[in-house]
Amino acid sequence: MRDKIVLITGATSGLGKATALNLARRGATVVITCRNREKGEVTQYELINQSDNSNIHLLQADLSNKKEIKELTESFKNIFPRLDILINNAGILGLTKRTENKDGHEMTIATNYLSQFLMSYYMQDWMLKSDEARIINLTSATHKLATIDWDDLMMKNRYQPFIAYSKSKLMVTIFTFELAKKLKSRGVSVNCIDPGTVYTNIAHTYPNSFQFLYKLGEPFMQTPEKGAETIIYLASDKKLTGVTGNLYKKNKVIKPKKNSLDPTLGQKLWDETIKLLNLQENILP
Ligand SMILES: NC(=O)c1ccc[n+]([C@@H]2O[C@H](COP(=O)([O-])OP(=O)(O)OC[C@H]3O[C@@H](n4cnc5c(N)ncnc54)[C@H](OP(=O)(O)O)[C@@H]3O)[C@@H](O)[C@H]2O)c1
């Protein structure tokens, strides 16, 4: 991985941090993102020490915020000549009370899905500069439980934290397949991953009673290092060159929710997201 430039969102904890350490140990240039500068600097220091790779860089942005995502991608482009691997990992499990970001979008969907869309959208031009670019999106098995309510995408009428999470992951899954189609002829592969159940900080916004149960479950869950194995496989395995448009679990392609591969649905979600985020249809020439 010595010649690869990797950008990992949400690498101050859990799966993102474990992925960053592994790829740093393989010699990649690793750019991590954080929302809290202090936490980011501590993570950067730990990664450099534990990997013996000083090529670990830090960028800060609240990924629930469109303007900050744009600024982050601009900072990246000012420093690095291209992007080889984008790992859209940052996520939250859900907030007990419905919250909106500055653009009026529901916070879980903004953090988990809209951030992946925006990162991929703004970084497309820099990924085309790579000989072989890969986008890896973190989804979850919970996407199978969700449906999309086209009349209420941002859950204004009926909000429930776990449903917001599973909806955000269904959107990630459908978006992955649609983006894979759109970028196939341009040499950028796009896949998503269900990491399984992993003991991380993901539940920290849930009530203490849930966190107590979560802690009790720790021995039955994977460690972040184990959970990150499929992310690392997708980022590093040479056999996967050009392989695109799949959902992976434990280094294998698995079936997503039945209709998430429907191209009509993919295009519809694409169009609605472009409208929601007030973006141009296509930034590529
Ligand atoms: N854990 C599981 O069992 C599991 C299962 C399926 C899918 N996943 C997915 O895996 C991904 C990683 O989750 P994890 O389990 O490793 O959780 P985690 O330990 O809580 O890590 C989440 C990361 O995202 C960052 N983040 C959250 N909101 C952000 C925001 N608004 N702006 C910038 N960064 C933000 C966090 O930053 P801070 O450190 O500042 O909080 C942290 O670095 C998520 O997409 C999650 O949905 C996890």
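What counts as what
- Starting from 1, residues in each chain are numbered consecutively following that chain's sequence as written.
- Where local features are concerned, this predicted model is filtered to residues with pLDDT of at least 70; where side-chain atom pairs are given and counted, the filter is 80 or more; whole-chain, interface and lining totals use all residues.
- Only runs of H or I of at least four residues qualify as helices and only runs of E of at least two qualify as strands under DSSP, and these elements are numbered from the N terminus.
- Throughout, radius of gyration means the C-alpha value; the globule benchmark is 2.2 Å times the number of residues raised to the power 0.38.
- For the exposure call, what matters is how many other C-beta atoms sit within 10 Å of a residue's own: 20 or more marks it buried, 12 or fewer exposed, and in between partly exposed, using C-beta atoms placed from the backbone.
- Placing a C-beta atom from the backbone of each residue, we mark the residue near a molecule or strand if the atom is within 6 Å of it.
- Only the stretch in contact is used when fitting a helix axis, every axis being a line fitted to C-alpha atoms; angles between N-to-C directions are given from 0 to 180 degrees.
- Should an angle lie under 35 degrees it is considered roughly parallel, over 145 roughly antiparallel, and from 65 to 115 roughly perpendicular; all remaining angles are considered oblique.
- Each crossing gets its handedness from the near helix: less than a right angle anticlockwise from the far helix is left-handed, clockwise is right-handed.
- This entry defines residue contacts through backbone-placed C-beta atoms, with two residues in contact when those atoms are within 7 Å.
- In short, DSSP must find at least two bridges between two strands for them to pair.
- Call a crossover right-handed when, viewed with both strands pointing away from you, the route from the first strand across the helix to the second goes clockwise.

(A) The arrangement of the overall build of the protein in detail. Each helix and strand in the protein was counted, giving nine helices and eight strands. Taking 2.2 N^0.38 as the reference for a compact globule, 285 residues should give roughly 19 Å; the C-alpha atoms of the protein span a radius of gyration of 18 Å, in line with that estimate. For the protein, the spread of C-alpha atoms along the principal axes amounts to about 50 × 50 × 35 Å. Burial statistics for the protein: of 285 residues in total, 45% are counted as buried.

(B) Structural view of the site of the ligand. Around the ligand sit 27 residues, and of these Gly10, Ser13, Gly14, Gly91 and Thr200 come closest. When residues of the shell around the ligand are traced back to their parent elements, those giving at least two are helix H1 (14-25) and helix H4 (107-127). Among the elements that line the shell around the ligand, the one with the most residues is H1, at three residues.

(C) The packing of helix H3 (residues 66-79) against H4, seen in detail. As a packed pair, H3 and H4 sit with axes 10 Å apart at the nearest point and diverge in direction by 30°. Looking at the two axes, H3 sits roughly parallel to H4. As H3 packs across H4, the resulting crossing turns out to be right-handed. Counted together, Lys66, Ile69, Lys70, Thr73 and Lys77 of H3 and Ser115, Leu118, Met119, Tyr122, Met123 and Trp126 of H4 form the full contact between these two elements.

(D) Spatial organisation of the pairing of strand S5 (residues 133-138). Most of S5 sits inside the fold, with six of its six residues counted as buried. Burial along S5 is two-sided: Ala133, Ile135 and Asn137 and Arg134, Ile136 and Leu138, pointing in opposite directions, are all buried. The sheet contact formed by strand S4 (residues 85-88) and S5 spans four bridges and is parallel. For Ile87, the partnering residue across the bridge sits in S5 and is Ile136. As a crossover connection, the stretch from S4 through H4 into S5 is right-handed. The pairing of S5 with strand S6 (residues 188-193) spans six bridges and is parallel. Bridge assignment links Ile135 to a residue of S6, and that residue is Val190.

(E) Geometry of the sheet that holds S5. Strand order in the open sheet formed by eight strands is S3-S2-S1-S4-S5-S6-S7-S8, and the pairing between neighbours is mixed. Of all strands in the sheet, those bounded by a partner on one side alone are strand S3 (56-60) and strand S8 (252-254). If you compare each strand with its neighbour and ignore which way they point, the axes differ by 25° on average. Pairing geometry for strand S7 (residues 247-249) and S8, over three bridges, is antiparallel. Looking at the pairing, Lys249 lines up with Lys252 of S8. The strands touched by helix H2 (residues 37-51) within the sheet are strand S2 (29-34) and S3, with S3 carrying the most contacts at an inclination of about 170°. Lying over the sheet, helix H5 (residues 161-183) contacts S5, S6 and S7, oriented at roughly 165° with respect to S6.

Nothing here speaks to function; it is all geometry.
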